Amino acid sequence: MKRVLITGITGQDGAYLSEFLLNKGYEVHGSAHDLSADKLWRLDELGVREKIALRDVDMTDEASVNALVKSVQPDEIYNLASRSFVAASWNAPLPTADVNALGTLRLLQAMRELCPTAKFYQASTSEMYGSGNQQHRQDEDTPLHPKSPYAVSKLFAHWMTINYRESFGLFACCGILFNHESPLRGLDFVTRKISNGVARIHLGLSDHISLGNMDAKRDWGFAGDYVEVMWRMLQQPVAEEFVISTGKTHSVRDFLAFAFREVGIEDWTKYVKSDPKYLRPVELQELSGKNDKAKRVLGWEPRVSFEELVTMMVRRDIERLTPQT
Ligand code: NAP
Ligand code: G4F
């Protein structure tokens, strides 16, 4: 049985990836810096919590990261741990860099010393590109120009992963993933903020949602589809980078329109307020990815459409908020 280590296992992708790898027959070990009960809800929703070995490890603590790798001796490592909320990174650039940039380096170094034959996946991000648009969609060759402390920290981790591959021959690769969402998304992110807000309005628990830039466009896919491709990347004969995206963009307004339509509301404007506190110092107006290489080499395609994703998220939030009889 192959043994896998997932850092950031309590996050959205960690939960879906655990479920996916358990179904493939892996022994799953996972870490996060806070294993209190309210952080385990995603693993509980998917019914996988009891099937994985959980470790309390902060990525800022080198000794703990080393001890983790030494004791698990994984065949595959998925480095998902991150302070992943872009907007928060301007107020906390140092902790963001410590976890996202140096945390990745600590893990790479531990792998180099303790299990150099393992395979390593780094969770890189489309945020590293800065803005693009539908006419100039980003692929593996597009220059990188990060515009938030989060994106800069991820760029360091991205290049360190490649550097460890080139310097020491490790099997280490990066998936450059565009936004992916699900009913397990954190409430801070705009999609879940909207699905939860729409569910609350529908059930009479709230009368509006406050948002920032509603003209921003993102290439939104379903997280369940995206974790599969992380695994596929580690089954390749050589380690290399892949853009993972749907190739289609929608605006925050499009997301609002679909989400409100799901509960029978066509004119959503009276339920949504603009609040400048949600604007960012620098905004990425549009992100749009070209996934041709992933389709060609990995045989991967996203399965869940934007409309299905919005519907899935709104329905799950209504279920969660509806009292059980
Ligand atoms: P997420 O839900 O925010 O999960 C991040 C995980 O990292 C959580 O378990 C979090 O724990 C943990 N973590 C945070 N600080 C830590 C620390 N100091 N030590 C150890 N663990 C720590 O993110 P996600 O959406 O699953 O994304 C997974 C990875 O993909 C992240 O690296 C993210 O940056 C990257 N990514 C995500 C997307 C996307 O659209 N979802 C796109 C591209 C790349 P707490 O929740 O307790 O803080
Ligand atoms: O949902 P968001 O916060 O996601 P963002 O910033 O695109 O980052 C996510 O995707 C990245 C991949 O591209 C990941 F690397 C990262 O870890 C994270 O998972 O914001 C999406 C868009 C932004 O343009 C934002 O300005 O929605 C806009 N927005 C408008 N009003 C809002 C709000 N975002 C949030 N979170 N909250 C609002 O009220």
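This one's a predicted model, so the numbers in the text were calculated from it and none came from an experiment. (Residues numbered from 1 in each chain as written. Chains lettered and ligands numbered in written order. Predicted model: local features only at pLDDT ≥ 70, side-chain atom pairs only at ≥ 80, totals over all residues. Heavy atoms only, no water.)

J.: Help me get a handle on the nonpolar core, residues and values and all.
T.: Counting 64 residues, the largest nonpolar core has Ile6, Leu21, Val28, Tyr78, Tyr121, Leu256 and Phe260 as its most contacted members. Broken down by element, the residue count for this core peaks at 8 residues, all from helix α8 (residues 223-234). Of the domains in this structure, domain 1 (3-180 + 220-244) and domain 2 (187-218 + 249-286 + 306-321) are the two that each give at least three residues to this core. Here Leu21 is in contact with Val4, Ile6, Tyr26, Val28, Tyr78 and Trp231, once residues within four sequence places are set aside. Membership of the second largest hydrophobic core comes to 20 residues, among which are Leu5, Met59, Tyr164 and Ala172. (Core = buried A, V, L, I, M, F, W, Y, C linked by side-chain atoms within 4.5 Å. Buried < 20%, exposed > 50% of the residue type's maximum accessible area, 1.4 Å probe, protein only. Helix = DSSP H or I, 4+ residues; strand = E, 2+ residues; numbered from the N terminus. Domains from an automatic or database assignment. Contact = heavy atoms within 4.5 Å.)

J.: Kindly report on unusual backbone geometry, identifying the contributing residues and their values.
T.: Of note in this structure, Gln73 is not a glycine but carries a positive phi near 50 degrees. Along the chain, Gln73 falls in the loop between α3 (62-72) and β4 (76-79).

J.: Which residues make up the packing of aromatic side chains, and what values go with them?
T.: For any two aromatic rings, the description comes down to two numbers: the centre-to-centre distance and the angle of the planes. Taken as a whole and judged by the stated rule, the model has 12 aromatic pairs. Here the aromatic rings of Tyr78 and Tyr121 are separated by 6.0 Å at their centres, their planes lie at 40 degrees, and the arrangement is tilted. With Tyr78 in strand β4 and Tyr121 in strand β5 (residues 119-125), this residue pair connects regions lying 43 residues apart in the sequence. We classify Tyr78 as buried; its relative accessible area is 0%. Measuring from ring centre to ring centre gives 5.4 Å for Phe258 and Phe306, while their planes differ by 80 degrees; the resulting arrangement is edge-to-face. Highlighted residues: Phe258 in helix α9 (residues 252-262) and Phe306 in helix α11 (residues 306-321), separated in sequence by 48 residues. Among the residues examined, Phe258 registers a relative accessible area of 27% and is labelled partly exposed. Ring pairing ties together the aromatic residues Trp220, Phe255, Phe258 and Phe306, which thus form one cluster. Here the basic side chain of Lys24 rests over the ring of Trp231, its NZ or CZ set 4.4 Å away from the ring centre. (Phe/Tyr/Trp six-rings, centres within 6.5 Å; stacked < 30°, edge-to-face > 60°. Lys NZ or Arg CZ within 6 Å of the ring centre and 35° of its normal.)

J.: Can you lay out the site of ligand 1 for me, pointing to particular residues and giving the numbers?
T.: What surrounds ligand 1 is a group of 27 residues, the closest being Thr10, His33, Ser84, Tyr150 and Lys154. Here an oxygen atom of ligand 1 and a side-chain polar atom of Ser82 are 3.1 Å apart. Within the side chain of Lys154, one N or O atom sits 2.8 Å away from an oxygen atom of ligand 1. The protein chains hide 90% of the 890 Å² of surface that ligand 1 would expose on its own. (Near = heavy atom within 4 Å. Polar contact = N/O pair within 3.5 Å; in protein donor to acceptor, adjacent residues only side chain to side chain. Areas by Shrake-Rupley, 256 points an atom, 1.4 Å probe, with all protein chains shown as cover.)

J.: Mind laying out empty space enclosed by the protein, listing which residues take part and the relevant values?
T.: Enumeration over the complete set of coordinates arrives at 1 cavity of 30 Å³ or more. There is about 50 Å³ of room inside the largest cavity. Forming the walls of the largest cavity are Val86, Trp90, Glu127, Lys147, Ser148, Arg280, Val282, Glu283 and Leu284. Grouping the constituent residues of the lining of the largest cavity by class yields 4 nonpolar, 1 polar and 4 charged. Domain assignment of the residues forming the lining of the largest cavity places at least three in each of domain 1 (3-180 + 220-244) and domain 2 (187-218 + 249-286 + 306-321). (1 Å grid on protein atoms, 1.4 Å probe; cavity = no way out; pocket = protein on both sides within 12 Å on 5 of 7 lines; lining within 4 Å. Points joined across faces, edges and corners; volume = space filled by probe spheres on them. Nonpolar A, V, L, I, M, F, W, Y, C, P; charged D, E, K, R; others polar.)

J.: Describe the environment of Arg165, listing the residues and the values that go with them.
T.: Among the secondary structure elements, Arg165 is positioned in helix α6 (residues 149-168). Since its relative accessible area comes to 18%, Arg165 is described here as buried. C-alpha separation for the pair Arg165 and Gly14, spaced 151 residues apart in sequence, amounts to 24 Å. Excluding residues within four positions of it along the chain, Arg165 makes contact with Leu170, Ala172, Cys173, Ala239, Glu240 and Glu241.

J.: Tell me about the sheet that holds strand β6 (residues 171-177), residues and numbers included.
T.: Read across the open sheet, the 7 strands follow the order β3-β2-β1-β4-β5-β6-β11; overall the sheet is parallel. Both edges of this open sheet fall to β3 (53-56) and β11 (242-244), since each of them pairs with a single strand only. Taken over all neighbouring pairs, the strand axes of this sheet differ in orientation by 20 degrees on average, direction set aside. Bridging between strand β2 (residues 27-32) and β3 involves 4 bridges; their strand directions are parallel. In the strand pairing of β3, Ser31 is matched with Arg55. (Pairing = 2+ DSSP bridges. Axes fitted to C-alpha atoms, helices over the stretch in contact; angles between N-to-C directions.)

Distances and angles like these do not, on their own, reveal function.
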